Amino acid sequence: MQIWVNGLISGASIALLALAFQAVYLPTRVFFIALAGIYAAVPFVALSLLDATGTWWLTAPVAVMAGLSLSLVAERAIHLPLEKKGAASGAQLIASLGAYIVIVQAVAMIWGNDPKSLRRGLDSVSHLGSVIVTGAQWVSLIGATAAIGAFLIFLRRSDLGLRLRALADNPLQFALYGHNVHRYRLLSFAVAGALASIAALVSAYDLGFDAHTGLHAILLAVVAVIIGGRSTFIGPVVGGLILGLLRSQVVWHMSARWQEAVSFGLLAVVLILFPHGLLGRRQRLEAE
Amino acid sequence: MNYLLHLIVYFDIYLIVALSLNLVVGYAGLLTLAHAGYYAVGAYAYALLSVNLDWGFVPAVAVGILVSAALSLAVSLCSWRLKGDFFVLASLAVQALIFSALYNWHSVDAPLGSLRNLTNGPFGIVGIHRPSLFGYSIVSPIAMAAFASVVAALCALVVWRLSDSSWGRVLVAMREDELAARGLGKNTRLLKVQVFAISSGLVAIAGALYASHVRYLDPTSATLDESILMLSMVVVGGVGNFRGPFVGAAILVGLPELLRFLSLPDAQAANLRMLIYGLMLILMMHFRPQGVAGEYRVE
Amino acid sequence: MVTATTTAPTKTPHRGSDVDVVLSACGITKSFDGNAVLRGVDITLGRGQCVLLTGENGSGKTSLINILTGNLQPDQGEITYSIGDEPTTFTFPRGWWQELNPWNHFRPEFVARAGVGRSWQDVRLFGSLSLRDNLAIATPDQRSESPLRSLFGSHAKSEHTSTVLDELGLVDRDDSSADKISLGQSKRVAIARAIQAGAKVLFLDEPLAGLDQQGIQDVLVYLRRLIQQHRVTLVIVEHLFNQHHLLPIVTHRWSLADGICDIAECDEQTRRSSQPISSTREAWIEALIGEGDEVVEETLVRSATLTRIRTADSTFDAPRPALQITDLVVNVGARQVIGVGEDGSTSPLSLTLMPGEIGILQAPNGWGKTTLLNAIIGAIPIEQGSITIDGQQTIATESEDARASSVSCITASSALFPDLTLKETASLAGVALPEMFRGREKRKCSTLSGGERQRLALALSKSNSLNIYDEPLNGLDDGKSFIETCKQMTSQGNAVLILVPQKPI
């Protein structure tokens, strides 16, 4: 039971980051690796703020805003100009990779390369029957679930959410109905930046962080996207939970060092048997 | 003088890396981030065989090439089904797998190179032999520079022959329009397996050269940062032709030398160097997607 | 379960006569997103036949070609290739385990090696290779294509391609790169390339599209030569407008309608009756013309025509035209699409539409209608010239706001938003959901049929200063509602631009 709970908690944070990735990928088709840089940078911002102010109530919103702004800068400075030039997706990806490197190296130059922690002192522990859940895990679970839920409700219920889905579905038709594509692109980057910042904060609070955690996290998130299905917003959530549960089982039954092997093994199996992901819908492709 | 010779060896290593990666990225049009993994596989193969079994350069490298080429199936099979961004991601996953294998395959109570402690994990392998050819060990810096240059020249010859052949032509056809190439009966799946195997085999040579030159090896040479560095070398130099990799390797060797004038602390300098590579990638994509000396734009 | 059964070569009798069947398919079905495109197609193809495959746009011609050439897996059915000595049969649906067997794949390269070749509508030569290399590369199973031989063998590149280029009249151009020749030349090179690859059965997707008279004659001469000298079996998809050029060589006709394929032999009778008929205006155009309207016919470049209907509400002294296109050149990839003259030279397109006017642009497929449409709505950048809508210049991907306030547009493949419900789509368009879709608010657009989707798109379009319709009559049962809409728009002083494929003149 404990393993399942641990898996659920880590799955929720993978799912959150996967959703952040998908929030950019579906509407804009930009493979936003720079999200890993944002994921790495936000906890450092939070750490500095926490040292300066001492309160989470100020720190958390400002850190999320910082991540969100970074994401907007990436769109305005890199991805939108490339889009206007009609750049291929590979060019977007390489540029995003470049942005990731710039952010991470800047972070490392400012705050150093050493691991850090956002938590002060020992963690509280609560018992639910035989299951032990630490305070940090509660924060992680509640934070991630709330953010995922809020975003999914936003997508389903609000006008802005509807437009984001429409942009993901058929950008040309969306523009023809008189909506400004660039504005909604900006919205999708803002949402992604905010979600990734929340994911970064909860996992940094739970597990600690350093300047290079981002890429591994985003890698897992994209694996979750592919497993779940890359054509929907629900897919990444399902994929993230599956991945989290699986990884905790691996830790329990085998060893932590096999986590990567099993994760990418699952990716391979899904790609062979369900090339469009578990929830993906088949599209009218020219071939294969 | 010795320092210059040292730079020549580095240039040779980078050149082999860039030439081999250019085969995949430039000629076949498949953006991969797993190259550092195969580089490290070659380096580890040489290190283990030379430290444990006292093998010479040629046989040890031969084994490295074979292992690396065999492992390249992990990427080439992915390229069968995945296109574009998702293939890049899959190659990244392969990279992560190779790194975690090199990092985790150790145990403190078993000797280095045994089945339970193949790589010595994060502690790395020390005291790797200098390259030895037919019993003669290459010791002096000038001999090492000459030897590395000869190896690089051989690799360049191989790449030049391949890219100028009808095989290279089919490769370009696949890059231009894979569906059209398949419509002409070209087995592009086989082609992908071949090009990844050749490219991974070549980069294994570069890895072995590196291990024998630095004489110490740990899993950091298989990190993603290394792969990104390799990719930036090819992208900056120019993809899809023969002279791009030369330009890319020269820039990569030259840049740290320029940064030396800033006299930053070591750790900061390393970060700054990477930062500049990242910046170069962004600027390249904006202003010259085909690279400094390239012809074909990244897709 | 067994899919690649190999049996002794057989001759299947077909319609009473002994026909040497090279390809047969039965019960082929295919649907996309729940929309059935093919509903059980049965065809047999005899050696030496020259088949014309006809059908409306969207009737599944391209899907059928893609399936028969291995580019697309059908949902159900059976396909047998018997071009060589050993027939190969594929049965669908296929299990995932069959993918694991490397020798039994339904993929284009395997079908190509069985002797089936194809050409694409958009040509698809290898742009950065020279013409000689484009042909040389096609030669099947060159021994030098293994990397080991490339490394150690001599680099003798195949020389016999020069005779092929000679046949095509391109012998001096063998070193020029493939994206620098004219469309007609590249179409012939693409066909020659498929022949060079060993194709005995050749599928041609609109080989005449976008060509001028000379280009059409050159391709026809080449096709005749293929039939006579190389004994190639041809299946040609061609648009109605160009079909009469092909009739002298066509032996059979496959007509695709409602997902079913009908096969008929072409004798002298049908050939004569399908000769081009003299120009009469189509009924729907007549219906658009109201009493007292002035009709002007203009001929544009490359046999396109623009029919202008000037209604009583048309204003010609208006300060701003609804649409003004000046010296327009648009490229798609490396090729010029809009602004090409008859002989391939540059001749920019200019066109003006005043408020209250209806313009009907009839152009052959491949002329660049869709490209023009995309340029007008700013979806692709333009190379040269300007497009002004209601006085505002459009710049690709920069002025969504300005553009959207003055243009409304319905595209031929109006997919709307497949994943959104009808109600959500209506709310995006800013229009109430029309009466006929009430009760289906919660259904997704992808569940609608093509015709329903078109009707919905029409109902959701708002009247703007410029209204563009791409093939508006495609899925509609009758054009009545469409014609009503158009008349209403012009009466409000708005302009309408209708893009339709050309009918035979």
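Analysis parameters
Residues numbered from 1 in each chain as written. Chains lettered and ligands numbered in written order. Predicted model: local features only at pLDDT ≥ 70, side-chain atom pairs only at ≥ 80, totals over all residues. Heavy atoms only, no water. Helix = DSSP H or I, 4+ residues; strand = E, 2+ residues; numbered from the N terminus. Buried < 20%, exposed > 50% of the residue type's maximum accessible area, 1.4 Å probe, protein only. Contact = heavy atoms within 4.5 Å. Areas by Shrake-Rupley, 256 points an atom, 1.4 Å probe, with all protein chains shown as cover. Pairing = 2+ DSSP bridges. Buried area = accessible area lost by both parts, 1.4 Å probe. Salt bridge = Lys/Arg side-chain N within 4 Å of Asp/Glu carboxyl O. Polar contact = N/O pair within 3.5 Å; in protein donor to acceptor, adjacent residues only side chain to side chain. Nonpolar A, V, L, I, M, F, W, Y, C, P; charged D, E, K, R; others polar. Axes fitted to C-alpha atoms, helices over the stretch in contact; angles between N-to-C directions. Parallel < 35°, antiparallel > 145°, perpendicular 65-115°, else oblique. Left-handed = near helix turned anticlockwise from the far one by under 90°. pLDDT = per-residue confidence, 0-100. Phe/Tyr/Trp six-rings, centres within 6.5 Å; stacked < 30°, edge-to-face > 60°. Lys NZ or Arg CZ within 6 Å of the ring centre and 35° of its normal. UniProt positions renumbered as here; feature names shortened; annotations may be inferred. Patch = residues over 30% accessible without salt bridge, like charges linked within 9 Å, V, L, I, M, F, W, Y side chains within 5 Å. Lys, Arg positive; Asp, Glu negative; His and termini not counted. Charge placed at Lys NZ, Arg CZ, Asp CG, Glu CD.

Right, let's talk about the overall build of chain C for a bit. Scanning chain C for helices and strands turns up 15 helices and 23 strands. The 505 residues of chain C split such that 55% are buried. At a minimum sequence separation of 6, the contacts of chain C that also span at least 24 residues come to 69%. Accessible surface, chain C: about 21,600 Å² in total, of which carbon and sulfur atoms supply 50%.

Counting secondary structure elements, chain B contains 12 helices and four strands. Seen through its C-alpha atoms, chain B measures out along the principal axes to roughly 55 × 45 × 35 Å. Looking at the 299 residues of chain B, the share that counts as buried comes to 62%. Taking the intrachain contacts of chain B between residues at least 6 apart in sequence as the baseline, contacts between residues at least 24 apart amount to 75%. Roughly 11,000 Å² of accessible area belongs to chain B as shown, and the carbon and sulfur atoms make up 69% of that amount.

With that settled, the discussion passes to the pairing of strand β9 (residues 201-205) of chain C. Residue and element names in this part refer to chain C. Burial analysis of β9 places five of its five residues in the buried class, which makes it a mostly covered element. Alternating positions in β9 separate into two faces, V201, F203 and D205 on one and L202 and L204 on the other, with burial throughout. Across four bridges, strand β8 (residues 116-119) lies against β9 in parallel orientation. By the bridge assignment for β9, G117 is matched with L202. Examined bridge by bridge, β9 and strand β10 (residues 233-237) share five bridges and lie parallel to one another. For V201, the partnering residue across the bridge sits in β10 and is T233.

Turning our eyes to something else, we now look at the interface of chain B and chain A. Taken together, the contact between chain B and chain A spans 39 residues of the former and 42 residues of the latter. Between chain B and chain A, roughly 3,700 Å² of surface is buried when both sides are summed, and carbon and sulfur atoms account for 72% of that area. Counting every contact that joins chain B to chain A gives zero salt bridges. Between chain B and chain A we count two residue pairs in polar contact (both at pLDDT 80 or more) in total. Listed by contribution, the elements that provide at least two residues to the side of chain B that touches chain A are α4 (73-81), α5 (84-104), α8 (178-183), α10 (224-237) and α12 (266-287) of chain B. With 12 residues, α12 of chain B is the single largest residue contributor to the side of chain B that touches chain A. Among the residues making up the side of chain B that touches chain A, the classes are represented as 25 nonpolar, seven polar and seven charged.

Residue and element names in this part refer to chain C. The six strands lie next to each other as β13-β14-β18-β23-β22-β21, forming an open sheet whose pairing is mixed. For this open sheet the edge positions go to β13 (294-299) and β21 (407-410), each flanked by a neighbour on one side alone. If you compare each strand with its neighbour and ignore which way they point, the axes differ by 15° on average. Here five bridges tie strand β22 (residues 466-470) to strand β23 (residues 495-501), and the two strands are oriented parallel to one another. Its bridge partner lying in β23, N467 is registered against V496.

Another aspect to go through is the packing of helix α2 (residues 35-53) of chain B against α5 of chain B. All names here are of chain B. Two elements in contact, α2 and α5, have axes whose closest approach is 8 Å; the angle formed by their N-to-C orientations is 30°. The pairing of α2 with α5 is recorded here as roughly parallel in orientation. Both α2 and α5 take part in a crossing whose hand is left-handed. Each of H35, A36, G37, Y38, A40, V41 and Y44 in α2 lies in contact with α5, whose residues at this interface are V94, Q95, I98 and L102. Residue composition of the contact of α2 with α5, by class: eight nonpolar, three polar and no charged.

This part is about helix α6 (residues 159-169) of chain A. The element α6 of chain A is largely enclosed, with a buried count of eight among its 11 residues. Three or more residues of α6 of chain A are buried, namely G161, L162, L164, R165, A166, L167, A168 and D169 of chain A. Close packing links the buried residues of α6 of chain A with α1 (2-28), α5 (135-157), α7 (171-176) and α8 (181-207) of chain A together with α13 (422-429) of chain C.

This paragraph deals with the confidence of the model for chain B. Looking at chain B, pLDDT values average 88 and 97% of them are 70 or higher. The spread of mean pLDDT over the elements of chain B runs between strand β3 (residues 136-137) of chain B, the lowest at 84, and helix α3 (residues 57-71) of chain B, the highest at 95.

Moving on, we get to the interface of chain B and chain C. Contacts between the two partners involve 28 residues from chain B, matched on the other side by 36 residues from chain C. Overall, the association of chain B and chain C removes approximately 2,800 Å² of surface from exposure, summing both partners, and the carbon and sulfur fraction of that is 57%. A per-residue breakdown of the area chain B buries against chain C is headed by R161, R169 and L184 of chain B, which together make up 27% of the total. Run the count over chain B and chain C and you get three salt bridges. As a salt-bridge pair, R182 of chain B and E109 of chain C come within 2.7 Å of each other at their nearest N and O atoms. Across the contact surface, chain B and chain C share eight residue pairs in polar contact (both at pLDDT 80 or more). Only α6 (141-163), α7 (166-176), α8 and α9 (188-214) of chain B provide two or more residues apiece to the side of chain B that touches chain C. Ranked by residue count, the leading element in the side of chain B that touches chain C is α7 of chain B, at eight residues.

A separate point is the packing of aromatic side chains. The geometry of two aromatic rings is summed up by the distance between their centres and the angle between their planes. All names here are of chain C. Inspection of every chain in the model, using the stated rule, returns 21 aromatic pairs over all chains. A ring pair is formed by Y81 and F90, whose centres lie 6.2 Å apart and whose planes are at 75°; its orientation type is edge-to-face. By the ring-pair criterion, three or more aromatic residues cluster together here, those being Y81, F90, F92 and F106. Over the ring of F126 we find R193, and its NZ or CZ is 4.7 Å from the ring centre.

All names here are of chain B. Where α2 contacts α10, the two axes come as close as 7 Å, and the packing angle between them is 110°. Comparing their axes, α10 and α2 come out roughly perpendicular. Regarding α2 and α10, the two cross each other, and that crossing is right-handed. From α2, H35, A36 and Y39 reach across to α10, where they touch E226, S227 and M230. Tallied by class, residues from the contact of α2 with α10 come to three nonpolar, two polar and one charged.

All names here are of chain B. In the numbering used here, UniProt assigns the "transmembrane region" (unreviewed entry) feature to residues 7-35, 55-74, 86-105, 138-160, 190-211, 231-258 and 270-287. Secondary structure content for residues 86-105 is 95% helix and 0% strand, and the end C-alpha separation is 28 Å. Taken as a whole, residues 190-211 contains 100% helix and 0% strand, while its terminal C-alpha atoms sit 31 Å from one another.

So, on to the pattern of salt bridges. In the structure shown here, the tally under the stated rule is 20 salt bridges over all chains. Residue R185 of chain A pairs with E75 of chain A through a salt bridge whose shortest N-O separation is 3.0 Å. Taken together, the residues R185 of chain A in helix α8 and E75 of chain A in helix α3 (residues 56-84) connect sequence positions 110 residues apart. Residue E75 of chain A is classed as buried on the basis of its relative accessible area, which comes to 0%. For E298 of chain C, the salt bridge is made with R308 of chain C, and the minimal N-O distance between the two is 2.4 Å. One end of the pair, E298 of chain C, is in strand β13; the other, R308 of chain C, is in strand β14 (residues 305-310), with 10 residues separating them in the sequence. When salt bridges that share partners are traced, they join E298, R308, R310 and E357 of chain C into one network.

The next thing to look at is the side chain of S119 of chain C. Its location among the elements puts S119 of chain C in strand β8. In contact with S119 of chain C, other than residues within four places in its own chain, are F203, L204 and D205 of chain C.

The subject of this paragraph is a positive patch on the surface. A surface patch of like charges, here positive, comprises R156 and R157 of chain A together with K423 and K442 of chain C. Looking at where R156 of chain A falls in the secondary structure, it is placed in helix α5. Of the residues examined, R156 of chain A reaches a relative accessible area of 52% and is grouped as exposed.

With that settled, consider the sheet that holds strand β5 (residues 50-54) of chain C. Residue and element names in this part refer to chain C. The sheet built from six strands is open, its strands ordered β8-β9-β10-β5-β11-β12 with mixed pairing. Two strands in the sheet have a free side with no partner beyond their single neighbour: β8 and β12 (260-265). Strand-to-strand twist of the sheet, defined as the mean angle between neighbouring strand axes without regard to direction, takes the value 20°.

Time to look at unusual backbone geometry. The bulk of non-glycine residues show a negative phi, and the bulk of peptide bonds are trans. Residue and element names in this part refer to chain C. Of note, the amide linkage connecting F92 to P93 takes the cis form, showing an omega dihedral of 0°. Along the chain, the position of P93 falls in the loop between β7 (88-92) and α2 (108-113). One non-glycine residue, E206, adopts positive backbone phi at about 50°. Following the sequence through the fold, E206 ends up in the loop between β9 and α7 (213-229). For D327, which is not glycine, the phi dihedral falls at a positive 45°. Along the chain, D327 turns up in strand β15 (residues 323-332). By relative accessible area, D327 is classed as partly exposed at 40%.

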